[in-house]
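# A closer look at the structure
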Amino acid sequence: MELDLSADAAALTANIVDVPSVSGAEDQLAGSIEAALRALPHLSVHREGNCIVARTDLGRAQRVVLAGHIDTVPVAGNLPSRVQPDPASGEDRLYGCGTSDMKSGVAVQLRLAAGVPEPVRDVTYVFYDCEEIEAERNGLGRLSRKSPELLGGDFAVLMEPSGCEIEGGCQGTMRAEVTATGRRAHSARSWMGRNAIHEPAVDGLRYHEGLNAVGITGGVAGNVIPDRCVVTVNYRFAPDRDVAAAEQHVRDVFDGWDVAIVDFAPGARPGLDQGPAVSFATAVGGAARAKLGWTDVARFAELGIPAVNYGPGISELAHTQDEYVEIPKILACEERMRGWLTSP
Ligand SMILES: [Zn+2]
């Protein structure tokens, strides 16, 4: 499908939303984005799997990175997109899977890539796959391992939904499996065994803010008292804790249990007081707020690039069936970003 980058950002968002791109099935959308960018002579375009990187090379003193993921969570009967006014304000909203998280942000990236051929700072546009699934498949992570030189820059803006407000930093996240063991027995003589699935409910398992059980597995057969139960917990931690401190906290909470860390991603400090971040904050205006939740801002932090979230969508609506984006926000976001990229 051909993308028309001269259409306004709201129409372009609808266009992109109507190409389903659930994580792992982004080929078609990635192909359309690649083709649209290759048609622009002022950009050099690289493709790595379903990641597309397009760069200006004007020899500017600074380079900024604008990044967005092109995948969505599974469609929930909410495609194709539709425009419907907000009953209260009458403002148009665009409904559909990925409108807020984050195809409206991707549409703004594409509009800027096409419409700002001579930015005052060199720009690297990054479109990547597999953000909504397990961390090891994340396209930005893959790019940073395989081709870190493509991601270099002085500052990055991740165009995740933030309601057109700058969100600095992000929480870290960690998944751990806590294993309880019991003693197997026939269920007709259950007193002879110790049911492992009942174990995690005993005292000593304290739930902290941001530390939640998110899964449980166990059970042998319908007539067997199970001797093993695994509870998966998710820990969201503030960016002043590093991964080691977070792991220690999880181990302390589950002291006495068998704990295995299965997945983690560090948080990121805001970093709004340095370099192009300052000009960005001035150009787009508004006060910055702290980000609750983990985003790929942290991956840029690991590469030594300060990064913020800034995009038109509404993060609270991400992954919901009633997901929508406010159309005026898409247009405002594009205008402010254009201002930043074109004014010295
Ligand atoms: Zn997202």
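None of these values were measured; they are calculated from a predicted model. (Residues numbered from 1 in each chain as written. Predicted model: local features only at pLDDT ≥ 70, side-chain atom pairs only at ≥ 80, totals over all residues. Heavy atoms only, no water.)

Turning our eyes to something else, we now look at the overall build of the protein. A tally of regular secondary structure across the protein gives eight helices and 17 strands. Evaluated residue by residue, the protein yields a buried proportion of 51% over its 344 residues. Sequence separation of 24 or more characterises 76% of the internal contacts of the protein that already satisfy a separation of 6 or more. Working note: accessible area of the protein is about 14,900 Å², and carbon and sulfur atoms make up 50% of it. (Helix = DSSP H or I, 4+ residues; strand = E, 2+ residues; numbered from the N terminus. Buried < 20%, exposed > 50% of the residue type's maximum accessible area, 1.4 Å probe, protein only. Contact = heavy atoms within 4.5 Å. Areas by Shrake-Rupley, 256 points an atom, 1.4 Å probe, with all protein chains shown as cover.)

Bringing the coordination of the zinc ion into the picture now. Note on the zinc ion: its protein donors are His69 (NE2), Asp101 (OD) and Glu160 (OE). The metal-donor distances range over 1.9 to 2.2 Å. Written as a sequence motif, the donor residues of the zinc ion are H-x31-D-x58-E. On the criterion of sequence distance, the pair formed by aspartate 101 in helix α3 (residues 99–115) and glutamate 160 in the loop between β7 (155–158) and β8 (167–168) is long-range, its members being 59 residues apart. Considered together, aspartate 101 and glutamate 160 belong to a single accessibility category, that of buried residues. (Donors = N, O, S within 2.8 Å, 3.2 Å for Na, K, Ca; no water.)

It is worth spelling out helix α4 (residues 139–146) at this point. Taken as a whole, α4 has its buried residues at Gly139, Leu140, Gly141, Arg142 and Leu143. At its buried positions, α4 is contacted by β1 (44–48), β2 (51–55), β6 (122–128) and α7 (297–302). Its side-chain oxygen at 2.7 Å from the backbone nitrogen of leucine 140, asparagine 138 defines the N-terminal cap of α4. (Polar contact = N/O pair within 3.5 Å; in protein donor to acceptor, adjacent residues only side chain to side chain.)

In a beta sheet, neighbouring strands pair by backbone hydrogen bonds and run either parallel or antiparallel. Taken in spatial order, the four strands make up an open sheet running β11-β13-β9-β14, and their pairing is antiparallel. Single-partner strands in this sheet number two, and they are β11 (211–218) and β14 (258–265). Taken pair by pair, the neighbouring strands of this sheet meet at an average axis angle of 20°, ignoring direction. Here helix α5 (residues 243–253) sits on the sheet in contact with β9 (172–181), β11, β13 (228–237) and β14, set at roughly 150° to β14. (Pairing = 2+ DSSP bridges. Axes fitted to C-alpha atoms, helices over the stretch in contact; angles between N-to-C directions.)

Buried residues dominate helix α1 (residues 9–17), accounting for seven of its nine residues. All of the buried residues along α1 are Ala9, Ala10, Leu12, Thr13, Ala14, Ile16 and Val17. Each element contacted by the buried residues of α1 is listed here: α2 (27–38), β5 (92–95), α3 and α8 (327–342). Capping the start of α1, aspartate 8 holds a side-chain oxygen 2.8 Å from the backbone nitrogen of alanine 10, two or three residues further along.

Before going further, it helps to examine the pattern of salt bridges. Under the definition given, this model contains 14 salt bridges. With a shortest N-O distance of 3.0 Å, glutamate 247 and arginine 251 are connected by a salt bridge. Highlighted residues: glutamate 247 and arginine 251, both in helix α5, separated by four residues, approximately one helical turn. Its relative accessible area of 27% is what places glutamate 247 among the partly exposed residues. Two residues, arginine 299 and aspartate 296, come together in a salt bridge whose shortest N-O distance is 2.6 Å. Per residue, the accessibility class of arginine 299 equals that of aspartate 296, and both read buried. Counted as one network, the salt bridges with shared partners bring together Arg111, Glu334, Glu335 and Arg338. (Salt bridge = Lys/Arg side-chain N within 4 Å of Asp/Glu carboxyl O.)

This part covers the layout of surface pockets. The calculated volume of the second largest pocket comes to roughly 210 Å³. Along the walls of the second largest pocket sit 12 residues, with Gly141, Ser144, Arg145, Arg299 and Glu302 positioned nearest its centre. Grouping the constituent residues of the lining of the second largest pocket by class yields six nonpolar, two polar and four charged. (1 Å grid on protein atoms, 1.4 Å probe; cavity = no way out; pocket = protein on both sides within 12 Å on 5 of 7 lines; lining within 4 Å. Points joined across faces, edges and corners; volume = space filled by probe spheres on them. Nonpolar A, V, L, I, M, F, W, Y, C, P; charged D, E, K, R; others polar.)

This part takes up the pairing of β5. Sheet topology note: the strand β4 (residues 82–85)/β5 ladder contains four bridges and is antiparallel. Bridge assignment links glutamine 84 to a residue of β5, and that residue is arginine 93. Following β4, the chain reverses through six residues before pairing antiparallel with β5; glycine 90 in that reversal takes a positive phi of roughly 80°. Note that β5 and strand β17 (residues 324–326) share three bridges and pair antiparallel. Considered in β17, the bridge of tyrosine 95 is made with tyrosine 324.

A word on the packing of aromatic side chains. One pass over the full model with this rule turns up five aromatic pairs. When the centroid spacing of 5.4 Å and the interplanar angle of 85° are considered together, the rings of phenylalanine 280 and tyrosine 310 count as edge-to-face. Placement of the pair is phenylalanine 280 in helix α6 (residues 276–284) and tyrosine 310 in the loop between β16 (307–309) and β17, with a sequence separation of 30 residues. As far as the burial class goes, phenylalanine 280 and tyrosine 310 line up, both buried. Summarising the aromatic geometry, the rings of phenylalanine 280 and tryptophan 340 are spaced 4.8 Å apart at their centres and angled 75° between planes, so their arrangement reads as edge-to-face. Of this pair, phenylalanine 280 sits in helix α6 while tryptophan 340 is found in helix α8, placing the two residues 60 residues apart along the sequence. Judged by its relative accessible area of 1%, tryptophan 340 is buried. (Phe/Tyr/Trp six-rings, centres within 6.5 Å; stacked < 30°, edge-to-face > 60°.)

We now examine the environment of threonine 232. Summarising the element assignment, threonine 232 is placed in strand β13. Between the C-alpha atoms of threonine 232 and threonine 217, which are 15 residues apart in sequence, the distance is 8.4 Å. In contact with threonine 232, not counting residues within four places along its chain, are Arg175, Ala176, Glu177, Asn212, Ala213, Val214 and Gly215.

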